[in-house]
Amino acid sequence: MTHPAEPDLLERFVDLSVSLTGFSAFELRSTGMAATYLETVLGEVGEETLDEILDHFLRAREAHGTEAELERQLRAELFGVPRLGAVVRNVIKLWYLGQWYALPDDPVDQPSPQRHLYLGRGMQAGRAVALASNQTRVVSGESYLQGLAWRAMLAHPMGGRQQGYSTWGEPPPGPPGG
Amino acid sequence: MPGESVRSYDVVIVGAGVSGSILAKVLGDQGWRVLVLEAGTADARGFPGYLGDVDTYLAALAKVPNSAYALNPDAPQPDVLDIEKITPGHPDTTGYFVQEGPLPYGSDYVRSLGGTTLHWLGTTLRMLPEDFDTATRFGHGLDWPITYDDLLGHYEQAENEIGVSGDVEDQEYLGIHFPEGYVYPMHRIPQSYLDKRLAEGLAGMSVDFQGESYPVRVTSTPQGRNGMPNPAYNGGQGYLPVGAVGEPTLGLRCAGNSSCIPICPIQAKYNAVKTLAKADPALVGVQAQAVASKVLLDASTGRVSGIEYKAYRDPASPSHQTREAQASIYILAAHAIENAKLLLASGIESTSGMVGHNLMDHPVIQMWALMPDSIGSFRGPGSTSGIESLRGGSFRSTRAPFRVEIGNWGWNWSEGDPWGQVDQLVDQGNLFGRALRDRMAATAPRQFELHMLVEQPPDGANRVSIDHRFRDQLGNFRPVIHYDLTDYVKAGLAAGRDVSRLIFQRLGAEDFTEYDPTSPGYVTFDGEGYEYFGAGHGAGTHVMGTDSTNSVVDSWQRSWDHPNLYVVGCGSMPTVGTSNPTLTMAALAFRSADAIHRDLTALRRGPAIDSGVDGEAQA
């Protein structure tokens, strides 16, 4: 399904994620989670659905002029499309929170035969379990710590990235540049 | 070495939480042979096991207080996720508790080596002197058989053992006093930027209760987490912070991981394993995965003759061995609710009939708002300051008092942020990309919460009981709980809400507080709705008093009916006041240690038969 002339799948996924999350490709890659999240999405919705999303994204980007028009196109091509919209909203939450949310209806027409390889294990009630697909879960402890929400909040993940003694008494950071 | 003869222990302690650990260490230091039976697992005994708990937390979907501590069917524990609204006549059996209602008991605890200090916030406030005789002063609750002054020395022992960071100058309010020259082991934990802004914004503020004026003062909270040692401590000897168990150079100072509840990744926060780890290993044996199931009584003497317990290897499996432990003195230190459950399972209701009754908590009400400007929320410990100046006064004859805990973690508790905010902005707000990121940056850093901990007086109708229909997979009883809030308490919730409105008005903060009628903790009072949660402060189930008809234990936490049995912990507290109870519980444990040492010494000098001490020369 990858065409030799096009950028590889991971790069296309990161490109999509940049528009979805508002973080740069550099910031996304620095989480170290890009490949894991791609695998998660593939495991949950399958290659065909992801291809469709990436095609719609490409169409929206090629058609746009201004930022406002791009936003409108993305809403028309992705967010406002019932099945695809649910998935892209999930991709945002995957990046922001390190969590996959169970989708209301199983969006996959043809599940990937290798779905089980992508889903891995997770924690439920404190015990590692092999998870069924389409189940709300934290991808991993690392994905939780890498959640972009903490960066958007100008904070650090609760439970990690300690800022040091007495730093909580200092004035808050200003908004990031750019 | 303890372990060979069934009569080779001087003391058997049920429970390795803060009370049990303090008693084990102190009695071991005095040369007594101690066996501690802990129902749960001992993850925190070594640092790798503790890190496993940290990992469990990081990957947990709902980061509730028990989310770091794996479900153990052989030693089950309550979880706030189990709490449901209760339909009258239909007890809720979702979780470990059987909740009869009418209202759900909102608190949880940990059944693991270290107990609930594994997930506690770390607040170490002393009770007010007036908290000890509320019946006499205000006509509510029960009087303690001891006073604040009786606990002065023991509070200091507790503050030493836990390692409290605080400044005495901040804590001398409403009658709390310290001996001349006393300082805490470490200096106050630095206040958060939010605290400082609140202190500025509320400067000079006062509120009126029943015609009397009370100041509203933001005060640094003394807490059991490592800070900067105070060189003046202990007559100039200073204090050496205690780091992580098994990794002593880690956790020597709080570094702002902001996950005190449920787990401090570096153990800068105190947990009871730090105390247990200091116990003399030649004298103190600790057996985990050993659930006490019965207190055995000698019918003719009324003395305890042993503790029956179930030892299991695999938490998932019900298979176990039933054994007995014998000693001269027995101590139940398993938590207020577990102590009561164990006594009832043993047929011990006490002459007073009060075992299990007077179950208390601190109902907590939350309010949340946005400061006009960023305060950099979600940084530091969960709370570094509070408003303590409203905790006492004559209004207590009419309504329950409260303390205000200032929350540093944004709307993490009230709205489940950042998860709640991301869901809402993406799914309802239809934001994405830069707009989403910017919106979060514009709001989250301004979020803050106030938590009001309201005093709940003892009420005989609030109780723990047992029922043969409700057992865990080892065959031990599950606690059956009957719980309600009186108007006295609800009036306290309402007063707290009123004060929060004044605070937000004064600050120009945008109030987002909203209480949901469908939530389990929703109650109405005077035509308004409020929502309460549990503070994790189980207490009152074996109160202390002046005689066997009005209490279960004496002021040393010794059972009136069974002279070689001590029942220790917050369950002994006749009132909870408005302070988080752990420091007082620890002080009481030190006080009991003195009495137990005296009892053991007297037994050693007495006839050989009951002493349980091998090879001692007889008087």
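Placed above this text is the structure.
Residues numbered from 1 in each chain as written. Chains lettered and ligands numbered in written order. Predicted model: local features only at pLDDT ≥ 70, side-chain atom pairs only at ≥ 80, totals over all residues. Heavy atoms only, no water.

Caption draft 1: Focus on the overall build of chain B. The number of helices and strands found in chain B is 13 helices and 21 strands. Taken over C-alpha atoms, the radius of gyration comes to 24 Å for chain B, in line with the 25 Å a tight globule of 619 residues would show. Buried residues in chain B amount to 63% of all 619 residues. Expressed as a percentage of contacts within chain B between residues at least 6 apart in sequence, the contacts between residues at least 24 apart total 73%. Considering chain B, the positive charge centre built from 46 side chains and the negative charge centre built from 72 side chains are found 3 Å apart. (Helix = DSSP H or I, 4+ residues; strand = E, 2+ residues; numbered from the N terminus. Rg over C-alpha atoms; globule rule 2.2 N^0.38 Å. Buried < 20%, exposed > 50% of the residue type's maximum accessible area, 1.4 Å probe, protein only. Contact = heavy atoms within 4.5 Å. Lys, Arg positive; Asp, Glu negative; His and termini not counted. Charge placed at Lys NZ, Arg CZ, Asp CG, Glu CD.)

Caption draft 2: View of the packing of helix 4 (residues 152–162) of chain B against helix 13 (residues 582–605) of chain B. Residue and element names in this part refer to chain B. As a packed pair, helix 4 and helix 13 sit with axes 8 Å apart at the nearest point and diverge in direction by 110 degrees. The orientation of helix 4 with respect to helix 13, classified from their angle, is roughly perpendicular. Regarding helix 4 and helix 13, the two cross each other, and that crossing is right-handed. Taken together, the residues of helix 13 that come into contact with helix 4 (itself represented by His154, Tyr155, Gln157, Ala158, Glu159, Glu161 and Ile162) are Leu583, Thr584, Ala586, Ala587, Phe590, Arg591 and Asp594. Split into classes, the residues belonging to the contact of helix 4 with helix 13 amount to 7 nonpolar, 3 polar and 4 charged. (Axes fitted to C-alpha atoms, helices over the stretch in contact; angles between N-to-C directions. Parallel < 35°, antiparallel > 145°, perpendicular 65-115°, else oblique. Left-handed = near helix turned anticlockwise from the far one by under 90°. Nonpolar A, V, L, I, M, F, W, Y, C, P; charged D, E, K, R; others polar.)

Caption draft 3: Molecular detail of the interface of chain B and chain A. Facing the 56 residues of chain B at the interface are 53 residues of chain A. Across the chain B to chain A interface the summed buried area is about 4,600 Å²; carbon plus sulfur atoms make up 64%. Its largest share of buried area at the contact with chain A, chain B owes to Arg379, Phe432 and Arg437 of chain B, together 18% of the area lost on that side. Taken together, chain B and chain A are joined by 3 salt bridges. Linking Lys93 of chain A and Asp427 of chain B is a salt bridge whose minimum nitrogen-to-oxygen distance equals 2.7 Å. Counting only elements with at least two residues in the side of chain B that touches chain A, the list comes to helix 2 (47–58), helix 6 (193–201), helix 10 (419–428) and helix 11 (433–443) of chain B. When the residues that make up the side of chain B that touches chain A are grouped by side-chain class, the tally is 31 nonpolar, 16 polar and 9 charged. (Buried area = accessible area lost by both parts, 1.4 Å probe. Salt bridge = Lys/Arg side-chain N within 4 Å of Asp/Glu carboxyl O.)

Caption draft 4: Inspection of the side chain of Asn271 of chain B at higher detail. Residue and element names in this part refer to chain B. With respect to the element layout, Asn271 can be found in the loop between helix 7 (233–236) and helix 8 (272–276). Exposure remark for Asn271: the relative accessible area of 3% places this residue in the buried category. Separated by 3.0 Å, the side chains of Asn271 and Gln267 make a polar contact. At 3.0 Å, the side chain of Asn271 and the backbone nitrogen of Val273 are in polar contact. (Polar contact = N/O pair within 3.5 Å; in protein donor to acceptor, adjacent residues only side chain to side chain.)

Caption draft 5: Just the pattern of salt bridges, in detail. On inspection of all chains with the given rule, the structure shows 32 salt bridges over all chains. Asp423 of chain B is paired through a salt bridge with Lys93 of chain A; the nearest N and O atoms lie 3.7 Å apart. Placement of Asp423 of chain B in helix 10 and of Lys93 of chain A in helix 5 (residues 82–97) is noted, with the two residues assigned to different chains. Note on Asp423 of chain B: relative accessible area 22%, which makes it partly exposed. With a shortest N-O distance of 3.0 Å, Arg396 of chain B and Glu455 of chain B are connected by a salt bridge. With Arg396 of chain B in the loop between strand 13 (385–387) and strand 14 (402–407) and Glu455 of chain B in the loop between strand 15 (447–454) and strand 16 (463–465), this residue pair connects regions lying 59 residues apart in the sequence. Judged on exposure class, the residue Arg396 of chain B and its partner Glu455 of chain B are both buried. A cluster of three or more residues bridged by salt bridges with shared partners is formed by Glu130, Asp131, Arg396 and Glu455 of chain B.

Caption draft 6: Examining the nonpolar core more closely. Counting residues in hydrophobic clusters, the biggest one holds 230 residues, and the most contacted among them are Tyr96 of chain A together with Ile331 and Phe448 of chain B. If you look at the next biggest cluster of nonpolar residues, it comprises 5 residues, including Ala39, Ala75, Val291 and Tyr312 of chain B. (Core = buried A, V, L, I, M, F, W, Y, C linked by side-chain atoms within 4.5 Å.)

Caption draft 7: Geometry of the packing of aromatic side chains. All names here are of chain A. In this structure the tally under the stated criterion is 30 aromatic pairs over all chains. Ring centres of Phe23 and Tyr96 lie 5.9 Å apart, and the angle between their planes is 75 degrees; this geometry places the pair in the edge-to-face category. Of this pair, Phe23 sits in the loop between helix 1 (9–21) and helix 2 (25–29) while Tyr96 sits in helix 5; the two residues are 73 residues apart in sequence, bridging distant segments of the chain. Taking the relative accessible area as the measure of exposure, Phe23 reaches 1% and is therefore buried. (Phe/Tyr/Trp six-rings, centres within 6.5 Å; stacked < 30°, edge-to-face > 60°.)

Caption draft 8: Inspection of the side chain of Gln557 of chain B at higher detail. Residue and element names in this part refer to chain B. With respect to the helices, strands and loops of the structure, Gln557 is situated in the loop between strand 20 (528–531) and strand 21 (565–567). At 2.7 Å, the side chain of Gln557 forms a polar contact with the side chain of Ser572. Separated by 3.0 Å, the side chains of Gln557 and Ser592 make a polar contact. If near-sequence neighbours (up to four positions away) are discounted, Gln557 is found in contact with Met544, Leu565, Tyr566, Val567, Val568, Gly569, Ser572, Leu588, Ala589 and Ser592.

Caption draft 9: Structural view of the sheet that holds strand 11 (residues 329–332) of chain B. Residues and elements named next belong to chain B. One open sheet holds the 5 strands; their spatial order is 7-2-1-11-21, and the pairing between them is parallel. Two strands in the sheet have a free side with no partner beyond their single neighbour: strand 7 (284–287) and strand 21. Taken pair by pair, the neighbouring strands of this sheet meet at an average axis angle of 15 degrees, ignoring direction. Running at roughly 160 degrees to strand 11, helix 13 makes contact with strand 1 (11–14), strand 11 and strand 21 of the sheet. (Pairing = 2+ DSSP bridges.)

Caption draft 10: Region of interest: the sheet that holds strand 14 of chain B. Residues and elements named next belong to chain B. Here 6 strands make up an open sheet; going across it, the order is 6-13-14-15-12-18 and the pairing antiparallel. Single-partner strands in this sheet number two, and they are strand 6 (218–220) and strand 18 (510–511). Across 7 bridges, the pairing between strand 12 (residues 364–370) and strand 15 is antiparallel. The residue of strand 15 that forms the bridge with Met367 is Leu450. Contacts from helix 12 (residues 487–507) reach strand 12, strand 13, strand 14, strand 15 and strand 18, with the element oriented near 150 degrees to strand 15.

Caption draft 11: Looking closely at the pairing of strand 20 of chain B. Residue and element names in this part refer to chain B. Sheet topology note: the strand 19 (residues 522–525)/strand 20 ladder contains 4 bridges and is antiparallel. Across the sheet, residue Val523 finds its bridge partner in strand 20, namely Tyr530. Linkage of strand 19 to strand 20, two consecutive antiparallel strands, is achieved through a turn of 2 residues, within which Asp526 is found at a positive phi near 55 degrees.

Caption draft 12: Expanded view of helix 12 of chain B. Residues and elements named next belong to chain B. End to end, helix 12 covers 30 Å across 21 residues, agreeing with the expected 30 Å (1.5 Å per residue, within 8%). Burial within helix 12 is extensive, with 15 of its 21 residues counted as buried. Phi for Gly508, located one or two positions after helix 12, is positive at around 70 degrees. (Expected span 1.5 Å × (residues − 1).)

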